[in-house]
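Observations on chain architecture
Given next are the chains, with one letter for each unit.
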Amino acid sequence: MRSFSALPVVVGGYWLAKRLGTSDERHLKLARVAYTWAGTGIMVWVLQEALRAPWIAVGWIVFAVVLALSTRWIRYQQLAWQANVVGLCALVRAFFYNYELEQKFWGPMSLRIFTISLVAAGLYFLSQKAAPKERYARAIAFLHSFAATGLLALLAWYEAPNGWLAPLWAAFALVLAIVDQRFELDELPWQSHALAGLTLLRSISVNLYVTATWHGISVRLLSLAIVAVIFYALARLIRMPDEWRKRDIHHVYSWAASAIGGLLLWYELQSQPTGIAVAWGAFGLVLFEYGLLRKITQFRYQAYVALIASFARIFLANLTAGEPGEFWGPRMYTILPLVLIFFFVYAQLPPKEENTVRDRRLHFDVLLAYLGTATIVALFYFQFPIEWVVSSWAAVVFALLGAALLLDQPLFLHQGLLLTVGVLARGMAHNLFGAGYFGEGDWQGRYFVLSSAAVILLASLFFAFRLRGRYGIPQNVNPWIRPLALIAGRPEQVVFFAPIILITLKMRSGMVTVSWGIEGVVIFVLGLATRQRSFRLTGIGILLLCVAKVFALDVWGLQTRDKYITVIIVGVVVSFVSFLWATYKDAIRQFL
Amino acid sequence: MKRSVVFVVFFLILGFAVAGLYWSQRRPKSSPVSANAILNMAADAQRDLSRVPMRLTRLSDEREIRIGKDLASRYATQTRNLTPEEEGLEKYVTRVGGTVALRAHRHLPYTFTVLPDHNLINAFSLPGGPVYIGEGMLDLITSEDELANILAHEIEHIDHYHCVERVQVEAKLKDLNLDVLGALLQLPLDFWEAGYHKDEEFEVDREVVRRIRHPRAKPGPGAFRAGHSELERLFPFTPAPFRASRRSQPPHRPGALGNSQGAEAVPRRV
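Residues numbered from 1 in each chain as written. Chains lettered and ligands numbered in written order. Predicted model: local features only at pLDDT ≥ 70, side-chain atom pairs only at ≥ 80, totals over all residues. Heavy atoms only, no water.

Section: the interface of chain B and chain A
Taken residue by residue, the interface counts 58 residues in chain B and 58 residues in chain A. Between chain B and chain A lies a buried interface of about 5100 Å² when both sides are counted; carbon and sulfur atoms form 63% of it. For the pair chain B and chain A, the interface holds two salt bridges. Two residues, A:E289 and B:R3, come together in a salt bridge whose shortest N-O distance is 3.9 Å. Applying the counting criterion to the chain B and chain A interface returns seven residue pairs in polar contact (both at pLDDT 80 or more). Sorting the residues of the side of chain B that touches chain A by element identifies α1 (3–26), α2 (36–56) and α10 (198–213) of chain B as the ones contributing at least two each. (Contact = heavy atoms within 4.5 Å. Buried area = accessible area lost by both parts, 1.4 Å probe. Salt bridge = Lys/Arg side-chain N within 4 Å of Asp/Glu carboxyl O. Polar contact = N/O pair within 3.5 Å; in protein donor to acceptor, adjacent residues only side chain to side chain. Helix = DSSP H or I, 4+ residues; strand = E, 2+ residues; numbered from the N terminus.)

Listed below in structure tokens is the structure:
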């Protein structure tokens, strides 16, 4: 009551400021300033004395609002300054006192929520209505608006339990962005950015490690899913200068959302880590399709990152998953979908599609095709018994060359040729030189394995001949690439000689000459059938090698039985070729 | 592609991926996360590449035997003399080992030596035929069957050139001349006690099953079960006859041991 006795002093101060009369205009201004400031100061004191502690900040902000409204009514700018100062006093008071008010006020709402929300609302009002002059309007707006947002963000910190703060902040940022869309207030996007940054920090540092549940559902899953969705929405809604939008700066939000999504999958699937790769793959697929559908490049880039991550991940968990001897296990059903995803995404990046020009310029199409093939090659490496890997890879070569022919995709031809070299290297290093010294007695020995690989490669000649010369060498091709392009122009040579080398080298020392002789004839006849001069020359070369080997080594070194068999068979073979030569000399000359 | 076809394929692939994810999450046993896949591939590649020069620089059996004998004679000076009881034990080991060695591919002069050290729970071999077994290992053996398995394992290391290849590699690494035996004799005894590459261990174990341990019986579960209680108690994760390989064997690659597990493992791979 004592403080209310000062009210007449306040009124008197304001009355004097309005009614004061003096001839000196400068003195009049000074006096008005002094009386109004004194009146406002005393009023602030009155409110502090008259109101209960929790409501002082509210009283002050209401007074500040009244001052701001009065400014617009009587057009006296000093009142606007006073409104700003009183508003800041309310802010400081709320910050230092009201956050401790945990007692319930109305229903589940605490006194803290109610009083601070009122102060924040007042500050938002002041941010728009308390500018004394136009040139200060932007600064005043930023000051009060940031202060109000800060108060509310801090209020969320106090009110929300651990896991829910991040989605609350994210939702607040989204609300600010929506309001900004409607009213175009320059300060709000910045507040959205700040809140989103805090949300991201909070999500990564706290939410990923939350283990609590809400109605049986993981709080981490719920909260981060909400944050991710809001971030995707922010990428679309938040207002930015056009120049920034052109440079896709707003997609920082979609990148953050995708990163949160990826991390969320990582943490949620920790109990069965084989699921992470396939989950990332599916996530990448969805992002890609959305990016393609809406023509948003950044979504497709995010998809590529997710797909690359899923590829890398299989080397850490999936390839070694499962039990020994288990065919349809986690390795198969988590990696095979990835292979399909890689090739499906690749298939949607055709050269004629204008929407994906940037993707192709960065060679994502090539990368994905190689990831798909590399994934299946790695899968086969771990899926099949180690000696059969070479045959499984040969089957992949067959499929790749077939795909190159049927789909008219030179990329698959290149992959097929590359893998053919891989089959050759693998067959030589592992199945020939790396194999045990003493031959296997059963049907799985290296003869059967390598023969099967060679047969599959030779079967690939069906496609290789049809692909010969189909893809010309580009005009301005790199000199280093030119030899490779030349090889790609004659795929049948690679596909033919790789199995021939394997077959030639796998023969055992005892009967190697005989085997080479028979092989030479077969190749020669094959060369005649396919009209391939290189094949025929290879066949004759192997035959000559046989003869040379017989006289240089076999006659002196072999066991008696092998020596006789070798000399007899090589003699028969050479006689047969001589007979062919003598009979069809002219025709063969034409072929050679 | 038509948009409708794309959507159908998209949902099919997505459904397959989700099904894979669902199946993987339903498995009761969690798969380990490690770089084993990469390590396996690197190790396999390294092993395959190292086998090429081994093949091309193969020593003759005579030279291998000579190297082994010289190494054995040098190491003989480093151990104490056997007691009469230990000498009897060594004769017994030689008898069992000699029987087993008859089934080896290469007919080398296999010799069997007991190292009088109760703390040595190991067996190893040198190029050309010498096989060593620690007395600590013999203390744990409860049957002749176990002893035969262990000796067969070491014999197969010699038989499959693993020992002599180690000499070749070491000589290459240290730039030693294989013709100058004095340089090779610098290799300490411990050098031979270390295990071999996992593929070599698998190869040897497979051969033990196939040719020596059960020459007529089809390899299968239980081949190694005969009385390994003490060894298996000490080393529960690896079959007892694989003791010598224990140090070198990394976690096995799925599929490498066929459909068997633990002590019943029957390697399938070459």
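Comments concerning the sheet that holds strand β1 (residues 111–115) of chain B
In a beta sheet, neighbouring strands are held together by backbone hydrogen bonds and run either parallel or antiparallel to one another. Residue and element names in this part refer to chain B. In spatial order, the strands read β1-β3-β2; together these three strands make up an open sheet with mixed pairing. Each end of this open sheet is capped by a strand with a single partner; those strands are β1 and β2 (123–125). Strand-to-strand twist of the sheet, defined as the mean angle between neighbouring strand axes without regard to direction, takes the value 20°. Two strands pair when backbone bridges link them, and β1 and strand β3 (residues 130–134) are joined in this way by five bridges, in the parallel orientation. Bridge pairing in β3 places L115 opposite G134. Packed on one face of the sheet, helix α4 (residues 84–101) meets β1 and β3 and runs near 145° to β1. (Pairing = 2+ DSSP bridges. Axes fitted to C-alpha atoms, helices over the stretch in contact; angles between N-to-C directions.)

Re the environment of A:R93
All names here are of chain A. By the element assignment, R93 lies in helix α4 (residues 77–97). In this structure the C-alpha to C-alpha distance between R93 and L201, which are 108 residues apart in sequence, comes to 28 Å. Excluding residues that lie within four positions of it along the chain, R93 makes contacts with A53, I56, A57, W60 and N98. Side-chain polar atoms of R93 contact the backbone oxygen of A53, separated by 3.1 Å.

Let's talk about the domain arrangement of chain A
All names here are of chain A. For chain A, the domain assignment lists domain 1 (384–506) and domain 2 (508–592). Each side of the interface is counted separately: domain 1 has 15 residues, and domain 2 has eleven residues. Across the domain 1 to domain 2 interface the summed buried area is about 1100 Å²; carbon plus sulfur atoms make up 58%. Summed over the three residues of domain 1 that lose the most area to domain 2, namely F465, F496 and T504, the buried surface amounts to 40% of that side. One can count zero salt bridges joining domain 1 with domain 2. Contributing elements (two or more residues each) for the side of domain 1 that touches domain 2: α19 (446–459) and α22 (491–506). Examining the composition of the side of domain 1 that touches domain 2, we find that eight residues originate from one element, α22, more than from any other. Residues belonging to the side of domain 1 that touches domain 2 are distributed by class as follows: seven nonpolar, three polar and five charged. (Domains from an automatic or database assignment. Nonpolar A, V, L, I, M, F, W, Y, C, P; charged D, E, K, R; others polar.)

Remarks on the nonpolar core
All names here are of chain A. Formed by 86 residues in total, the largest nonpolar core has its most connected members in L285, Y304, I314, L319, V345, L368 and L401. Both domains that furnish three or more residues to this core are identified here as domain 1 (384–506) and domain 2 (508–592). Setting aside anything within four residues of it in sequence, one finds Y304 in contact with F288, V345, L349, D359, F364 and L368. Counting 31 residues, the second largest nonpolar core, distinct from the first, contains I230, F231, L234 and M240. (Core = buried A, V, L, I, M, F, W, Y, C linked by side-chain atoms within 4.5 Å. Buried < 20%, exposed > 50% of the residue type's maximum accessible area, 1.4 Å probe, protein only.)

Describing the confidence of the model for chain B
Residue and element names in this part refer to chain B. Of all residues in chain B, 70% attain a pLDDT of 70 or more, and the chain-wide mean is 73. Confidence, expressed as mean pLDDT per element, reaches its minimum in chain B at helix α11 (residues 229–234) with 49 and its maximum at β3 with 91. Ignoring residues within four places in sequence, the model shows residues 214–229, a span with pLDDT below 50, making 33 contacts including any to other chains. In this model, residues 234–270 is a region of pLDDT below 50 whose contacts with residues beyond four sequence positions or in other chains number 108 contacts. If you check the scores for this complex, the pTM reads 0.75 and the ipTM reads 0.75. (pLDDT = per-residue confidence, 0-100.)

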